[in-house]
Amino acid sequence: MRSFFLFFLFINFIVSNIFANENPKDILFIGTGYVGLVNGACFAEKGNRVICLDIDEEKINKLNSNIIPIYEPGLEKLIEKNRKENRLKFTTDYEYAIKNSSILFICAPTPSNKDGSCNISFVKQIAKEIAKHIDEYKIIITKSTVPVGTTHKVKKIIKKEIAKRGKNISFDVASNSEFLKEGSAISDCLYPDRVIIGAEKESVKNALIDLHKDFTDNIITMDINSAELTKYAANAMLACRISFMNQIANICKNVGANVNDVKRGMQEDKRIGKLFLEAGIGYGGSCFPKDVKSLSHISKKAKVEPTLIDAIDRVNIYQKVLLAKYIKDYFSKYQNLKGKTLSIWGLSFKPNTDDMREASSLVMIDYLLKKGATLKLYDPIAMSNAKRLIKNSENIQWCNSAIETTKNSDGIVLVTEWDEFKKIDLLEVKKLMNSKNIFDGRDFFDSKKIKKLGFNYVGIGIADEFITKPIIFKTDKQKETNSFFQRNWLFLNIFAIIAIVLAIFTKIYHLNLIKKLKNRSISSSIES
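Residues numbered from 1 in each chain as written. Predicted model: local features only at pLDDT ≥ 70, side-chain atom pairs only at ≥ 80, totals over all residues. Heavy atoms only, no water.

Please give an account of the overall build of the protein chain that cites residues and values.
Scanning the protein chain for helices and strands turns up 21 helices and 14 strands. Within the span of the protein chain, comprising 528 residues, buried residues form 48% of the whole. Of the contacts made within the protein chain by residues no fewer than 6 positions apart, 72% connect residues no fewer than 24 positions apart. Accessible surface, the protein chain: about 27,400 Å² in total, of which carbon and sulfur atoms supply 55%. (Helix = DSSP H or I, 4+ residues; strand = E, 2+ residues; numbered from the N terminus. Buried < 20%, exposed > 50% of the residue type's maximum accessible area, 1.4 Å probe, protein only. Contact = heavy atoms within 4.5 Å. Areas by Shrake-Rupley, 256 points an atom, 1.4 Å probe, with all protein chains shown as cover.)

Which residues make up the sheet that holds strand β11 (residues 396–398), and what values go with them?
Strand order in the open sheet formed by six strands is β11-β10-β9-β12-β13-β14, and the pairing between neighbours is parallel. Pairing within the sheet leaves two strands with one partner each, and these edge strands are β11 and β14 (456–459). Across the sheet, the mean angle from the axis of one strand to that of its neighbour is 20°, orientation sign disregarded. Both strand β12 (residues 411–414) and strand β13 (residues 437–440) contribute to a ladder of three bridges, which runs parallel. Considered in β13, the bridge of Leu414 is made with Asp440. (Pairing = 2+ DSSP bridges. Axes fitted to C-alpha atoms, helices over the stretch in contact; angles between N-to-C directions.)

Give me the lowdown on the packing of helix α10 (residues 224–255) against helix α13 (residues 307–320), citing residues and values where you can.
Between α10 and α13, whose axes approach to 9 Å, the crossing angle comes to 50°. Considered as vectors, α10 and α13 are oriented oblique to each other. Regarding α10 and α13, the two cross each other, and that crossing is left-handed. Contacts between α10 and α13 involve Ala236, Ala239, Cys240, Ser243, Asn246, Gln247 and Asn250 from the former and Ile312, Val315, Asn316 and Gln319 from the latter. Grouping the amino acids of the contact of α10 with α13 by side-chain chemistry returns five nonpolar, six polar and no charged. (Parallel < 35°, antiparallel > 145°, perpendicular 65-115°, else oblique. Left-handed = near helix turned anticlockwise from the far one by under 90°. Nonpolar A, V, L, I, M, F, W, Y, C, P; charged D, E, K, R; others polar.)

Before we move on, can you summarise helix α11 (residues 259–267) with the specific residues and values?
Because each turn of an α-helix spans 3.6 residues, side chains separated by three or four positions end up pointing in the same direction. Taken residue by residue, α11 has Val259, Lys263, Met266 and Gln267 as its buried positions. For α11, the buried positions fall inside an angular range of 85° around the axis, keeping them on one side. Turned more than 90 degrees away from the buried face of α11, the exposed residues are Arg264 and Gly265. Looking at the buried residues of α11, the elements they touch are α10. Of the residues that open α11, the one with a side-chain oxygen 2.8 Å from the backbone nitrogen of Asn260 is Asn258. (Arc of directions from axis to C-beta. Polar contact = N/O pair within 3.5 Å; in protein donor to acceptor, adjacent residues only side chain to side chain.)

Put into structure tokens, the structure is as follows:
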């Protein structure tokens, strides 16, 4: 993989020198997170003069020493190259950065609030800082994923803050969301499928088309609100495909089908295509979970019931614990997982990144630990990030290699589909294990080949003889109903007994009343 990226960068270097940017721009990326760093490096690679700004002094000092805070294949070399060629600088100085830039990108984090809405407080703070230091015309662009209307809010904030200074400085705002995939972000940025530009004025649209023409000819312009919503719609659609295939996989498991065969039959349909049809244990990362929740919140504010959007999220939540439940059922003949040791292969939410945000491994590890299992953990890149998120426990062992985890193990649990794991000699691994079991959370291995090697195999969406009890997830309403009855079962039982007793006494009273009335009727007839 590394040799591929080195070759990729070498070819890109040759091309960029042949077709050098004849009209370099002065660009500022505010925020040196994933989006700001990758875009900063790539725009510098295209010959522009780029400044990346962050208020975190420690991070900026590290970047100036070529210490990259995130893992992304090819990014370290790209930053080092463009720093040496004086096209890429890192600073904490707002005044210097804004003065020396004509196009400003806001690349702030936009985490979720407790209600699922998007927190744009960092975006607003950056807008205020821009307004404090702007002294001439600039184009200000929201690159962060933000709810519809945020870019217009940025414009209002900057206008208000400039007015407080007693100044009259013109500027324009625009939206230009990123569509990067972690693990292939450099390629995605340098050679994008399309570029989305949302702007009010034709002059701004033309300026941003000129800025991006070195990347692609497929530049789509629209109004700002549509551009902001396009990002959410794209991510929700991809998340929807993943959740849909995971539900199909669960059906396959219970009816005796193979989801990989179903997938092959589907993806040959040109209307469907091949991407994002992999069944597994759910999606994670910084985008899909957050953006699906935020889109649901946007939908509710627009008075549109987000039925499908909410379902995407629910399916994903259920899916993350699915394999752990399969493992528990598999070992149910031993009553529980106490005394069982499991090898966890992969911790990051996807391969080729060290990102642990919303990783399925976190949910699975928590579940298996509560069931009493001992876990031996390994990831090629994400170990340090994982150690910050996973609490130390006497039932957790951190290992230096995938093979090390398998010594005296009762099962391999494949969580993240790193290429490294396919190169491991499973026959040698089998000799180290107590029990020959593989629990494949990504359908990474060929189940038939694994079984031929003498392993028991449990995958996602692949029928087997081991898991016989269907996994049935309850809806939120069912959970609420059940939890109400569980909390109040004693009261309900007493109420039921009282109701029965009252019914019996009422019946007896009615019988006695009828008897008395009959006796009176007989007496009166005799007297007459």
